[in-house]
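One letter stands for each residue in the lines below.
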Amino acid sequence: MENKQEIRLADLADQVISAVDRMKDSYGVFAAHPSQQAEISKVRSVLEDLTNRLEDNSPYFHPHYAGQMLKPPHPVAMAAYIATMMINPNNHSIDGGRATTMLEREVVKDLARMFGYPETHLGHLTWSGTTANLEALWVSREINPDLAIAHSEDSHYTHTRMAEVLNIPAISIATDELGRMRLDDLAEKLATGKIGTVVATLGTTGLGAVDPLADIIPLARKYGARVHVDTAYGGFFTLIADQLDEETARHYRAIAQSDSVVVDPHKHGLQPYGCGAVLFNDVSIGRFYKHDSPYTYFASEDLHFGEIQLECSRAGASAAALWATLQVFPLTRDGLGAVLQGGRNAAVQWHKLLSESEVLAPLQVPELDIVAYLPRASKLSSVDAISHAVFEKSFQAPRDQQIHLATYVMKPQGFARRGFDLEQDRDTARIIRSVLMKPEQENWIPDLHSHVETLTKQLIKEYS
Ligand SMILES: *Cc1c(COP(=O)(O)O)cnc(C)c1O
């Protein structure tokens, strides 16, 4: 039996802070300039104010927080980030961050391998999924100038916004009863010859829907379009794809054939914010990153990340944090995969309880770890009012009894497509949505469900 224990930041902080302090001192101790000195009592009181102000947050870290896509990083990532931040290397260039550039190369290789990309891929970390997607769409525009990008109705709004930034048209493709891109609509729109890139989302931000990538790729190829995969949220589910539905797994395996892919380690990779990633299947796209450097970076081992990215300064600490995390939780089914499996189990379990409930109904079968559900009511206005009231009331309790949920806005056709027969007395209706990102939640579902069910029972009475 392995000797594992719970890891806490407080147990790691001393180790990394004193190691980096020792390293700094070895260059010769020097005093801080008077301009950087301060009264320690003043500093302590400011930090006290800060921690007081931080009370004004939802408890994103707690299993009772089952709302938006939020959770803290792993203590390993925090300790590695703190250690590296004390030096503050900049992964824009090797000179600005030698050690962390090497660490980033290793993690980018690991990510590429996870997706089945070839050994000779191109890629790097980014500050966010937004910049990672922008970069992939920019490369697509350079290859297919003037042609549109096509994305599903349920894709992240960043794609239409980035199309505006890049001054290319964006075409929206209809979704099916689970929120996945519809192939018939895509085929029709590809046939116009106006689409240069299809964006497939594997794990939509709203419902965790997985677009049918394995079928999108041959269709797009037939019309000469590129395929970009946005797995900012869902990318790490690749590790447990064989535990998902067979269809879903087939689409995850197809990522290997895509032209580019984005994943956010700051979502499901246990990292603090400021860590996205973009990967390209073909190194020759490196030609688009024009620079006036005297080196031939793309062929050489001495590649500076600044030469193959849109961003300039970028935290070496992000690369270090991800690297350290992946040494402890490698990109395998039993490593980081086990973390995702917990949330996935929670979603499957909650879906079952919702299906059996007399007052709540699941919106649809969850493909990943996001569940959406609604009160069993007859009109859109009641669904909306009760959902919102459940959301509001669930956290109006002493801290240790609070539940935190999120709402999600649906259009009438979204309900109809999923077989709900609701009187259309409103244009939209809010339902309830829970992103189950924390593996601990697999043990909290009966508790979460009974809280939400009890509240819904009370509110259904009030609103009917
Ligand atoms: C979160 C997300 C984005 C945006 O990424 P940020 O890291 O928030 O900038 C893009 N696409 C999808 C599918 C996402 O879930």
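These numbers come from a predicted model, not from an experiment.

Caption draft 1: Layout of the site of the ligand. Lining the immediate surroundings of the ligand are 13 residues, of which Gly129, Thr130, Asp230, Asp264 and Lys267 lie closest. Within the backbone of Gly129, one N or O atom sits 2.8 Å away from an oxygen atom of the ligand. Side-chain polar atom of Lys267 to an oxygen atom of the ligand: 2.8 Å apart, as the coordinates give it. Contributing elements (two or more residues each) for the shell around the ligand: α5 (129-143) and α10 (265-268). Considering each element in turn, the shell around the ligand owes the most residues, three residues, to α5.

Caption draft 2: Summary view of the domain arrangement of the chain. With domains assigned, the chain is organised as domain 1 (85-328) and domain 2 (337-463). The distance between the C-alpha centroids of domain 1 and domain 2 comes to 31 Å. Taken together, the contact pairs 28 residues of domain 1 with 19 residues of domain 2. Where domain 1 abuts domain 2, roughly 2100 Å² becomes buried across the two surfaces, and 60% of that area is made up of carbon and sulfur atoms. Between domain 1 and domain 2 we count nine residue pairs in polar contact (both at pLDDT 80 or more) in total. Sorting the residues of the side of domain 1 that touches domain 2 by element identifies α9 (246-253) and α10 as the ones contributing at least two each. Looking at the side of domain 1 that touches domain 2 residue by residue, the classes come out as twelve nonpolar, eleven polar and five charged.

Caption draft 3: Quick look at the environment of Leu202. Its place among the elements puts Leu202 in the loop between β4 (195-201) and α8 (213-222). The class for Leu202 is buried, based on a relative accessible area of 0%. Each C-alpha atom, one on Leu202 and one on Leu186, is 16 Å from the other, the two residues being 16 residues apart in sequence. With sequence-adjacent residues up to four places away left out, Leu202 is seen in contact with Ala209, Val210, Asp211, Leu213, Val229, Asp230, Thr231, Gly234, His251, Tyr252 and Ile255.

Here is what the cut-offs are and how they apply
- Residues numbered from 1 in each chain as written.
- Predicted model: local features only at pLDDT ≥ 70, side-chain atom pairs only at ≥ 80, totals over all residues.
- Heavy atoms only, no water.
- Near = heavy atom within 4 Å.
- Polar contact = N/O pair within 3.5 Å; in protein donor to acceptor, adjacent residues only side chain to side chain.
- Helix = DSSP H or I, 4+ residues; strand = E, 2+ residues; numbered from the N terminus.
- Domains from an automatic or database assignment.
- Contact = heavy atoms within 4.5 Å.
- Buried area = accessible area lost by both parts, 1.4 Å probe.
- Nonpolar A, V, L, I, M, F, W, Y, C, P; charged D, E, K, R; others polar.
- Buried < 20%, exposed > 50% of the residue type's maximum accessible area, 1.4 Å probe, protein only.

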